Amino acid sequence: AQTVTQSQPEMSVQEAETVTLSCTYDTSESDYYLFWYKQPPSRQMILVIRQEAYKQQNATENRFSVNFQKAAKSFSLKISDSQLGDAAMYFCAYRSAKGGSEKLVFGKGTKLTVNP
Amino acid sequence: DTGVSQDPRHKITKRGQNVTFRCDPISEHNRLYWYRQTLGQGPEFLTYFQNEAQLEKSRLLSDRFSAERPKGSFSTLEIQRTEQGDSAMYLCASSPPGLAGGPKYFGPGTRLTVT
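Residues numbered from 1 in each chain as written. Chains lettered and ligands numbered in written order. Predicted model: local features only at pLDDT ≥ 70, side-chain atom pairs only at ≥ 80, totals over all residues. Heavy atoms only, no water.

A.B. asks: Any chance you could explain the sheet that holds strand S3 (residues 19–24) of chain B here in plain terms?
C.D. replies: Strand pairing in a sheet relies on backbone hydrogen bonds. The paired strands run either parallel or antiparallel. Residues and elements named next belong to chain B. Spatially, the four strands line up as an open sheet ordered S1-S3-S8-S7, and their pairing is antiparallel. Only two strands of the sheet have a single neighbouring strand rather than two, namely strand S1 (5–7) and strand S7 (65–68). Taken over all neighbouring pairs, the strand axes of this sheet differ in orientation by 15° on average, direction set aside. (Pairing = 2+ DSSP bridges. Helix = DSSP H or I, 4+ residues; strand = E, 2+ residues; numbered from the N terminus. Axes fitted to C-alpha atoms, helices over the stretch in contact; angles between N-to-C directions.)

A.B. asks: Is there a simple way to explain the pairing of strand S8 (residues 64–69) of chain A in this structure?
C.D. replies: Consecutive side chains of a regular strand alternate in pointing toward one face of the sheet and then the other. Residues and elements named next belong to chain A. Across two bridges, strand S7 (residues 60–61) lies against S8 in antiparallel orientation. Each residue of the ladder has a partner; that of Thr60, found in S8, is Ser65. Once S7 ends, the chain turns through two residues before running back antiparallel as S8, passing Asn62 with a positive phi of about 55°. Judged from the six bridges that link them, S8 and strand S9 (residues 74–79) form a sheet pairing that is antiparallel. Within S9, the residue paired with Phe64 across the bridge is Ile79. Joining the antiparallel neighbours S8 and S9 is a turn of four residues, in which Lys73 adopts a positive phi near 55°.

A.B. asks: In this structure, what is going on with the side chain of Ser75 of chain B? I would like to understand it.
C.D. replies: Residue and element names in this part refer to chain B. Position of Ser75 relative to the elements: it lies in strand S8 (residues 75–79). With a relative accessible area of 0%, Ser75 lands in the buried category. Apart from the residues within four sequence positions on either side, Ser75 is in contact with Phe21, Arg22, Cys23, Leu32, Trp34, Phe49, Glu68 and Arg69. (Buried < 20%, exposed > 50% of the residue type's maximum accessible area, 1.4 Å probe, protein only. Contact = heavy atoms within 4.5 Å.)

A.B. asks: What is the right way to read the interface of chain A and chain B from this model?
C.D. replies: Accessible area lost upon the coming together of the parts serves often as the stated size of an interface. Contacts between the two partners involve 19 residues from chain A and, on the opposite side, 22 residues from chain B. Summing both sides of the interface, chain A and chain B together bury roughly 1,600 Å²; the carbon and sulfur share of this comes to 53%. When the buried surface of chain A facing chain B is broken down by residue, Gln44, Met45 and Glu102 of chain A rank first, second and third, together holding 36% of it. Applying the counting rule to chain A against chain B returns one salt bridge. The shortest N-O distance in the salt bridge between Glu102 of chain A and Arg31 of chain B comes to 3.9 Å. Counting every contact that joins chain A to chain B gives nine residue pairs in polar contact (both at pLDDT 80 or more). Among the secondary structure elements, those contributing two or more residues to the side of chain A that touches chain B are strand S5 (32–39), strand S6 (46–52) and strand S10 (88–96) of chain A. Of the residues assigned to the side of chain A that touches chain B, the class counts are nine nonpolar, five polar and five charged. (Buried area = accessible area lost by both parts, 1.4 Å probe. Salt bridge = Lys/Arg side-chain N within 4 Å of Asp/Glu carboxyl O. Polar contact = N/O pair within 3.5 Å; in protein donor to acceptor, adjacent residues only side chain to side chain. Nonpolar A, V, L, I, M, F, W, Y, C, P; charged D, E, K, R; others polar.)

In short, geometric facts, not functional conclusions.
Spelled out as C-alpha cells, the structure:
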C-alpha cells in the first residue's frame with residue numbers, strides 16, 4: 001500500500017521569507033499524481049498544487065512551487081515570499097493513476113506558522 | 001460559486017444511534033468525495049461518486065456506512081449504530097468534470113462526536 005510521510009510536524013517562517021515543506025512517499029507504481037493541500041485554521045481545505053509523475057517539469061502556482069524528485073520519491077513544497085495568510089496545515093497527498101482509483105492517500109500534515 | 005457546503009456542521013450523538021450528513025457540492029461538479037479526518041491525521045478516503053454512480057468505496061469502510069447521491073447533485077452519508085471510534089470530522093469534496101487527479105474543493109466538514 002502507498003504511504004505518504006511528512007517528517008516535519010511543525011515549521012515556522014518569517015513573513016516575506018521562503019520555506020520548504022518536505023514530503024516523501026512510498027509506491028511501486030510509475031504513474032501517479034501528487035498534491036499539496038492547504039487547510040487554514042477553521043477554514044476549508046483547498047488544493048494548492050498538483051504534479052503528474054510523468055511530467056519532469058516541476059509544477060508552479062504563483063508563489064508555490066514543488067521540487068519533484070521521482071527517483072528519491074520526494075515531493076517538497078516551496079513557498080516564496082511567505083504571507084500571514086499562508087499560515088495553515090499543509091497536507092501532501094498521493095493518488096495512483098492506475099485502475100481508475102480516485103483515492104487520495106494523505107500524510108499527517110505540517111503546521112506552518114508565519115511570523116510577522 | 002458558493003463553495004461546497006455540509007450540514008450539519010456539528011453532530012453529537014449517543015453510541016448506537018444512526019446519523020446522516022448532507023453534502024452539497026459546487027454546482028456542475030460531477031465528482032464528489034467523502035473523507036474522514038481524525039485529530040492529528042490527514043484525511044482518510046471513504047467513497048467517491050461520479051454523477052449518481054458510487055464508483056469507489058474504501059475497504060476500510062464497514063457495512064455501517066452508506067452513501068448516496070441520488071440525482072447526481074447532493075450526497076448523504078449515513079452511519080448506522082454509531083461507535084465511539086466514529087468520532088471524527090467528515091469532509092466532503094467536489095471537482096468539475098475534466099479535471100484529472102484529486103478533489104479540488106473541500107467543504108467545511110461535519111464534526112461528529114459519539115458519546
